[in-house]
Every structure is written in structure tokens, then in C-alpha cells.
Amino acid sequence: MATARRDYYEVLGLGRGATQDEVKSAYRKLAKEHHPDRNPDNRAEAEEKFKELSEAYEVLADVNKRRMYDSYGLEGVSRQFGPGGFDFRRDFTHGEDISDILGDLLQGFGMGSGSGLFDLLSGGRPQSRRHARGGDIRISVRLDLEEIAASVTKELSFSRFERCPECAGAGGKGKETCPACHGRGQVQHRTSSFLGQFVQVQSCPDCGGAGERVKETCKACTGAGRVRKPRTLKVRIPAGVSAGTYLPLHGEGHYGPGGSGDVLVQFEEREHPLYLRQGDDIAVEVPVTIATAVLGGKVKVPTLAGEKDVEVQAGTPSGTVLRIRGAGIKHLDGGAGDELVRVVIHVPRRLSRDEKALLKQLDEARTEEMPGPRKPG
Ligand SMILES: [Zn+2]
Ligand SMILES: [Zn+2]
């Protein structure tokens, strides 16, 4: 029964340098084409082809598996699959990429489309609606660097589902046994296909898996058990957060019979007009006069906590970076970053006659020898 194995790239009609997007679109195109329902005349062949395509895709769609395959060929990936080689039901992990195609395919086998697919592939039993947890709510908050550096309290307004106060989440009054599932809460579908025998256990769509339903539907929530309500929260945002991090507020999300979801506060950082952020350090550039750089003196430096006088040593070269310890952003776990002050000498362009004369005089009176050309760095 063993047949000669074809190269995965060849199976998908791709070159070795194909991008991940090309791998995906090649598979989608071919999987559609070799959909067994579209090939009623040579169904067995289409099924074989479909399996071959799926195996190739399983490997090439995953960067790590693909690397193994590129280096070691079939030997390199054979252990990725269970005994007996690639098995679609067990080893195919990209259902979400092609659920539309597969849904269609399974519908061809009387499976119903879409949502049931993942239960099929995972062999899992769908969670009953009765115990479902409420959804999370994502809220994005834009912060200034000043707000990130200190700690800030923000007021967040959003709307969320809450338990219906009229029926206390029950969806109505009175109970009766669900006629669709006779109280079992589940319905079964049994089908066989070239992918194997499927027994699909589904939550009863009529009662949501509860096995019973309300006699008299609640008018306030039309039976949903929850209603949308506005909500305002004051949230203290800790210092030191950055874009990409988020703060979870447990139980502040949508209501669900199995518990409320969370609010996930995500942060965005507004670009600062003055500072560049480097982790918990901030950097700023401060121009100084030639005289200050040569003779030393104080310069005014902006910090997140207000203006500060900073001492510039006599003989400070342009580009010198001074460090103000602790003036950066607070670490999430204590301590703080620094402020890096790059001192640059400002070269004046519009000079008065007097200024020019003085500079010329200065140049002529110079005692230190000018250094010669040198290698940078
Ligand atoms: Zn209600
Ligand atoms: Zn039912």
C-alpha cells in the first residue's frame, strides 16, 4: 500500500523559496480544487490528493517543521506525526486557516458547517451555553510619557452585558423539559467520511445544553438573561507600563452564567515632543553655548518632574551624554530609569560685527595646539 512519497513543495506546486503566504494560498487553492465533493467521478483519488495536500501544508505552514524538512527531508518530520504517519484528524492543526473549505467539505458529509469543525478536530465536547463565561472587553488607553512615568488614574467608560435584573439571568419564568433533546442537553450526529468515523456531540441548540427551557420568556432581555449597561471605572495605572502590555481587571467584562469576563486595558504611548524613550530611560538633547562648553556652567534641563539645573564641566566636548540618575521612568517592579542628556554645542550662524571680531581675536590668542585629523570613534 506504500506509495512513492512526493516532495511537499512539489505537492503544493511551489518552489523552495516560497513565502508562508504563498504556501497558504497554494494550499487553499488546491484544497478547494480537490474537494472530494467537487470530484464525484473520481472521489477516491480526490480524497487521496486532499490528504497529501494537507500533510504537505501541515509541515510547510509551520516555520519550525518546514526548517526540519528543508534540512533533513521526510526523516526530519516523520516523528511530528503519530504512528502510521500523517492522520488528518489527529495531526492537522490548521483548521482555522481553511475552516471555510473544510466546513464546506464536512457539510458534504452531512456534518453541518463551521462551528462544529473544531469539536471534530479536537474531539472535544462543546461547552454548554449554560456554563459559559462572559466575554472579555479590550479597552485601549493612550498615555503621555509623563503619565507613564508617574502613576495615573484614568476613568474608563464602556458598555458591557450585565445579568438581567428582571429575571436574574434565567431568561424568564418557569421551567419545562426541552422537547428537542428530551432533557439530555445534548444531541449526537454520527457520520463517516474518508477522514474517519465522527461522532459529534453537540450542545442542544434549542436549550443551550441546559436540558430545560423557560416557560415564559423575560421581556426585559428577550430571554438572553443579560442586558447591555454603561459602566464607568476608575483605574490606577501603575508607572512604567509600555505599549503592548495590558492590565487585566478581573470580572469587569461581560456577564456570563459561568462568571464574568475581564476588562483588558491595553496601553498605547503618545509620542513625546521632547523625549525619546529607551526602555525605562528617556533621552533629550540640550544645546549649550561655546562658552559654557569651554568654561563650564549650569544649563536648564527639562525633566519629567520639571526643569532642573545641571552642571556642565569645563571642557565638555559636544555630544557628551550626562546622566541624571532616577529621572527616567519608574520600573514596574520598583526603582527608576535615568534621563540621558546629550549636550551639544550650538554654533551661532548670525553674528554681529563685534562677535566676529571677538571670535577672531580668540582664535588668534589660542594657546592650545589644534589636534590633527584622526580616525573617528
Ligand atoms: Zn431577563
Ligand atoms: Zn434541548
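To be clear, the structure that these remarks concern was listed above.
Here goes a summary of the coordinates provided. (Residues numbered from 1 in each chain as written. Chains lettered and ligands numbered in written order. Predicted model: local features only at pLDDT ≥ 70, side-chain atom pairs only at ≥ 80, totals over all residues.)

**Overview of the environment of Arg-184**
Along the chain, the position of Arg-184 falls in the loop between strand E3 (172-177) and strand E4 (186-193). For Arg-184, a count of 14 C-beta atoms within 10 Å corresponds to the partly exposed category. Placed 19 residues apart in sequence, Arg-184 and Ser-203 show a C-alpha to C-alpha distance of 9.4 Å. (Helix = DSSP H or I, 4+ residues; strand = E, 2+ residues; numbered from the N terminus. Buried ≥ 20, exposed ≤ 12 C-beta atoms within 10 Å, placed from the backbone.)

**As for the sheet that holds strand E14 (residues 320-324)**
If you trace the 4 strands from one edge of the open sheet to the other, you get E10-E11-E15-E14, paired in mixed fashion. Either end of the sheet is taken by a strand with one partner, and the two such strands are strand E10 (276-278) and E14. With strand direction ignored, the average angle separating the axes of adjacent strands in the sheet is 30°. (Pairing = 2+ DSSP bridges. Axes fitted to C-alpha atoms, helices over the stretch in contact; angles between N-to-C directions.)

**Observations concerning the sheet that holds strand E9 (residues 263-269)**
Pairing is mixed across the open sheet formed by 3 strands, whose spatial order is E1-E9-E8. What marks the edges here is a single partner per strand, and that holds for strand E1 (137-143) and strand E8 (246-249). Put simply, the sheet's adjacent strands are angled 25° from each other on average, direction ignored. Pairing geometry for E8 and E9, over 4 bridges, is antiparallel.

**Thoughts on unusual backbone geometry**
The phi dihedral of Ala-168 is positive, around 55°, even though this residue is not glycine. By C-beta crowding, Ala-168 is classed as exposed, having 10 other C-beta atoms within 10 Å. In the Ramachandran plot, Thr-222 falls in the positive-phi region, its phi being about 45° despite a non-glycine side chain. Looking at the element boundaries, Thr-222 is found in the loop between strand E6 (212-217) and strand E7 (226-237).

**So, the nonpolar core**
Among the nonpolar cores identified, the biggest contains 16 residues, and Tyr-8, Leu-12, Tyr-27, Leu-53, Ala-56 and Leu-60 are the most heavily contacted of them. Of all elements in the fold, only helix H1 (8-11), helix H2 (20-33) and helix H3 (43-60) reach the threshold of two or more residues within this core. Here this core takes 6 residues from H3, the largest share from any one element. Beyond its immediate sequence surroundings of up to four residues, Leu-12 is in contact with Val-23, Ala-26, Tyr-27, Leu-30, Leu-53, Ala-56, Tyr-57 and Leu-60. Ranked by size, the runner-up nonpolar core spans 8 residues in total, among them Val-241, Ile-282, Ala-327 and Ile-329. (Core = buried A, V, L, I, M, F, W, Y, C linked by C-beta atoms within 7 Å. Contact = placed C-beta atoms within 7 Å.)

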